[in-house]
Amino acid sequence: MNDIVTAAEWFAGGRRIRYHPETARVLTEQAASAEPGALRVFERVAAAKSGADGVWLTLLPGFPDGSYGWAQVDRILGGTLGPRLYVEPVGQGDSDKPRGYAYSTVERADLVEALWRHHGVRRTVVVTFDYTSLAVLEILRRKLPRTDGTPTIAAVFMVNGGLFADAHTHPWRGTPLLRTPLGALGMRQAQRSSRVFASAVIQARLYARGYRPSAAELTEMWSAVTRHDGAAFLHDAAGFVAEHRRNARRWDLAAIARALRGTIPFYVGGSDEDPYEHRQIQATRERVPEAEILTFPGGHLTTSEHPDLLAAAIHRVAERHGVGTAATTNR
């Protein structure tokens, strides 16, 4: 890939804000100093329109590269489609990595909702990549009993993510290995060495067999993942597949779609050579026939291999559901 956005450039374009995970609130600096436990989380807002009360595009990141995984897609989307909100969960990218933190899908969903409140988002299209599909499923599950919940979710586009607990097929050298003591040791070594990190990424089969990531791509991913001693997150948070199995009924796309009765359109993206979540596509066709399926060539990391195709698909979905136009829901 030529002319890539570097990790330094990506993080320079956003900001770190104060967030309290126990109360799920974004805080001012003054309030944060009075509330122990406040953390700093990274967010990036692109293509913001001054004074416009528009439909937002919310992009939730994948594992392992966090919000930086969207960097090449964002470059292609440019300055017109927006406003776009990129969320960085605790533990990833330029967000804090507190020791002993209880990483979970629930706390990631809390953060997304807190940022929506902070920005006054009234209506949004949500795009997820990889494991944050679970976060949006949790948010949708929360919305079911609400009558006044905001913002309104105009559409959901989930790419290479877990939608059904019985359809995960993670290779051993991926998240299963990361969860072990050997995986923890490997991540300590990867924190210090970009070569060790690159080897682990290749062995995890994140790319298509015919794709050769450049040394620059791998180095920038390493730079993004290891910020603030971040490689440990890959071990500490690698249990999200097991977490999905424990919450299989709650985070089941088919059950949620039935309960929503067609009020939120679903788009599900899958890559031809993805060894992680390829079974999710067939399961979606069988269990959620109303969902629109979009397929991409290549392996799991579509964000790296085909950012142009992914950006084009996101643009179509976002425009179809009013991103950049005035929101009409009541406050």
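Just above, that's the structure.
Residues numbered from 1 in each chain as written. Predicted model: local features only at pLDDT ≥ 70, side-chain atom pairs only at ≥ 80, totals over all residues. Heavy atoms only, no water.

Our focus in this paragraph is the overall build of the chain. The helix and strand inventory of the chain stands at 15 helices and nine strands. Compactness check: the chain gives a C-alpha radius of gyration of 18 Å against a globular reference of 20 Å for 331 residues, within 12% of the reference. In terms of overall dimensions, the chain has a C-alpha envelope of 50 × 50 × 40 Å along the principal axes. The burial tally for the chain puts 59% of its 331 residues in the buried class. In the chain, the proportion of contacts linking residues at least 24 apart, taken out of those at least 6 apart, comes to 80%. When the accessible area of the chain is evaluated, it comes to approximately 13,900 Å², of which 49% is carbon and sulfur surface. (Helix = DSSP H or I, 4+ residues; strand = E, 2+ residues; numbered from the N terminus. Rg over C-alpha atoms; globule rule 2.2 N^0.38 Å. Buried < 20%, exposed > 50% of the residue type's maximum accessible area, 1.4 Å probe, protein only. Contact = heavy atoms within 4.5 Å. Areas by Shrake-Rupley, 256 points an atom, 1.4 Å probe, with all protein chains shown as cover.)

Time to look at the environment of Phe-129. Along the chain, the position of Phe-129 falls in strand β6 (residues 123–129). Overall, Phe-129 belongs to the buried group, its relative accessible area being 2%. Through-space distance from the C-alpha of Phe-129 to that of Ala-71 is 13 Å; in sequence the pair is 58 residues apart. Those residues in contact with Phe-129 that lie beyond four places of it in its chain are Leu-60, Pro-61, Gly-62, Trp-70, Val-159, Asn-160, His-300, Leu-301, Thr-302 and Thr-303.

Bringing the packing of aromatic side chains into the picture now. Using the criterion set out here, one finds 11 aromatic pairs in the structure. Here Phe-157 and Tyr-267 contribute two aromatic rings whose centre-to-centre distance is 6.4 Å and whose plane-to-plane angle is 70°, an arrangement assigned as edge-to-face. In this pair, Phe-157 sits in strand β7 (residues 152–159) while Tyr-267 sits in strand β8 (residues 266–271), placing the two residues 110 residues apart along the sequence. Taken individually, Phe-157 and Tyr-267 each receive the classification buried, so the pair is uniform in this respect. Three or more aromatic residues joined by ring pairs make a cluster, and in this case those are Phe-63, Tyr-101, Tyr-103, Tyr-131, Phe-233 and Phe-240. Taking NZ or CZ as reference, Arg-44 lies 4.2 Å from the ring centre of Trp-10, over its face. We note Arg-287 situated over the ring of Phe-164; from NZ or CZ to the ring centre the distance is 4.7 Å. (Phe/Tyr/Trp six-rings, centres within 6.5 Å; stacked < 30°, edge-to-face > 60°. Lys NZ or Arg CZ within 6 Å of the ring centre and 35° of its normal.)

Between Phe-63 and the following residue, Pro-64, the backbone shows a cis peptide bond with an omega angle of 20°. Here Gly-82 and Pro-83 are connected by a cis peptide whose omega angle stands at 5°. Note on placement: Pro-83 falls in the loop between α3 (71–77) and β5 (84–87). Phi is positive for Ala-24, which is not a glycine, with a value near 55°. Here Ala-24 shows up in the loop between β1 (15–20) and β2 (25–27). Judged by its relative accessible area of 13%, Ala-24 is buried. The backbone of Asn-160 shows a phi angle near 50°, a positive value even though the residue is not glycine. By the secondary structure assignment, Asn-160 is in the loop between β7 and α6 (175–178).

So, on to the environment of Tyr-86. With respect to the secondary-structure elements, Tyr-86 resides in strand β5. It is 9.7 Å that separates the C-alpha atoms of Tyr-86 and Gly-66, two residues lying 20 residues apart in sequence. The residues touching Tyr-86, leaving out its near neighbours within four places in the chain, are Trp-10, Phe-42, Glu-43, Arg-44, Ala-46, Leu-59, Trp-70, Asp-74 and Leu-77. Looking at Tyr-86, its side chain comes within polar contact range of the side chain of Asp-74, at 2.7 Å. (Polar contact = N/O pair within 3.5 Å; in protein donor to acceptor, adjacent residues only side chain to side chain.)

Turning next to the pattern of salt bridges. Considering all chains together, one arrives at 15 salt bridges under this definition. Between Glu-138 and Arg-142 there is a salt bridge, with its nearest N and O atoms 2.7 Å apart. Highlighted residues: Glu-138 and Arg-142, both in helix α5 (residues 133–143), separated by four residues, approximately one helical turn. When its relative accessible area of 14% is taken as the criterion, Arg-142 is described as buried. Linking Glu-292 and Arg-320 is a salt bridge whose minimum nitrogen-to-oxygen distance equals 3.1 Å. (Salt bridge = Lys/Arg side-chain N within 4 Å of Asp/Glu carboxyl O.)

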